[in-house]
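Structural features, examined
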Amino acid sequence: MVKFEYKTFQFGEALTQEQKDYFRQYGVIQFKNFINADTIKTFIDELSKIEKKWLDEGIEKINGIPLKFGKDPQGNKMIQRMCFTNKYSTFLGEFLKDPRLQLLVELLAPYDGRISEDEKDGLVFNHYVNSPNSKFTQMGWHTDSPRDLFLGQKILPMLNVGIHLDTCPTSNGGLRVLPGTQNQSVFKLLFGKKQFVDHSADAREVGFEIDAGDLTVHDGRLWHRVEVSPNMGEKSRRRVMYVPIITGKFMPKNENSKTPFYHRFAKVVQK
């Protein structure tokens, strides 16, 4: 595995060659201050409205993708993983048209990429919080490539773009990656670790000092996980929106879409 040099970047009018080279080497990159405090507040307000509506209506799936439920520190029911949120908020939908996000497609070169507004799980909102009845505090080691195999496709490169709504130093858990593993063999990509089951720390892993408003991008073929926070309650709260940038055949989802097998598989192995 490559020796990792932790650096952060600022987003400009174009991606620099340094940024492209950094991502090509490590499979991950972090941009500071991608959105400001007012935008963060608007995002959180919009997501809260969607959550309330879905809870009130008893919604359990969106476009065939199951929602993940838990309880907040006060014991109230909450949705800890929401999908296709861009389809239920004009503001969130418009955000995916931000020209800066479109620039990230260049990181997939020589492949042609597109922002996944209607495919995969759309704009996902992950809400990690530690409480006695929380069902979503961490995520085991995995790559995103098995999804392609479950769908009967060859493994193609993709990006996971994370918009962070809370400050999260490495001491509070959060994203962990094995830099450079996007270039591993297919066998190691699929079987290098026990997908989703293995939560153990790896001596080679790296974390990130993330401030609210930062943006991270990682290659879906990279081994990555989400470390549990050592804190409980409000101190453990980490809210992140993710949208994939994908390649390959256009495969949109709608209200009649069936639940993909990999979601049922992930539900079993994460119990």
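A few points on the structure. No experiment lies behind these values; they were computed from the predicted model shown.

Take the nonpolar core next. Across soluble globular proteins, you tend to see nonpolar side chains buried next to one another. One finds Phe31, Leu101, Leu104, Leu165, Leu215, Val217 and Met241 to be the most contacted residues of the largest nonpolar core, which totals 54 residues. For this core, the leading source of residues is helix H2 (residues 37-57), giving 6 residues. Residues in contact with Phe31, not counting those within four places in the same chain, are Phe9, Gln10, Phe11, Leu15, Gln19, Leu104, Asp214, Leu215 and Val217. Grouped together as the second largest cluster of nonpolar side chains are 5 residues, Tyr128, Met139, Phe196 and Val226 included.

This part covers unusual backbone geometry. Omega for the bond connecting Ala109 with Pro110 falls within 30 degrees of zero, at 15 degrees, which places this linkage in the cis form. Along the polypeptide, Pro110 turns up in the loop between helix H4 (99-103) and strand S7 (114-115). A positive phi is found at Asn33, a non-glycine position, where the angle reads about 55 degrees. Inspection of the secondary structure puts Asn33 in the loop between strand S2 (28-32) and H2. Judged by its relative accessible area of 53%, Asn33 is exposed. Located in the positive-phi region is Asn63, a residue other than glycine, with phi close to 55 degrees. Take Asn63: it is sitting in the loop between strand S3 (61-62) and strand S4 (65-66).

Pairing in this open sheet of 3 strands is antiparallel, and the strands run S9-S13-S11 from one edge to the other. Of all the strands in the sheet, just strand S9 (139-142) and strand S11 (174-177) have a single pairing partner and so form its edges. Averaged over all pairs of adjacent strands, the angle between their axes in this sheet comes to 25 degrees, without regard to strand direction. For S11 and strand S13 (residues 224-227), the ladder comprises 4 bridges, and the chain directions are antiparallel. Note that in S13 the partner of Leu175 across the bridge is Val226.

The rules we used
- Residues numbered from 1 in each chain as written.
- Predicted model: local features only at pLDDT ≥ 70, side-chain atom pairs only at ≥ 80, totals over all residues.
- Heavy atoms only, no water.
- Core = buried A, V, L, I, M, F, W, Y, C linked by side-chain atoms within 4.5 Å.
- Buried < 20%, exposed > 50% of the residue type's maximum accessible area, 1.4 Å probe, protein only.
- Helix = DSSP H or I, 4+ residues; strand = E, 2+ residues; numbered from the N terminus.
- Contact = heavy atoms within 4.5 Å.
- Pairing = 2+ DSSP bridges.
- Axes fitted to C-alpha atoms, helices over the stretch in contact; angles between N-to-C directions.

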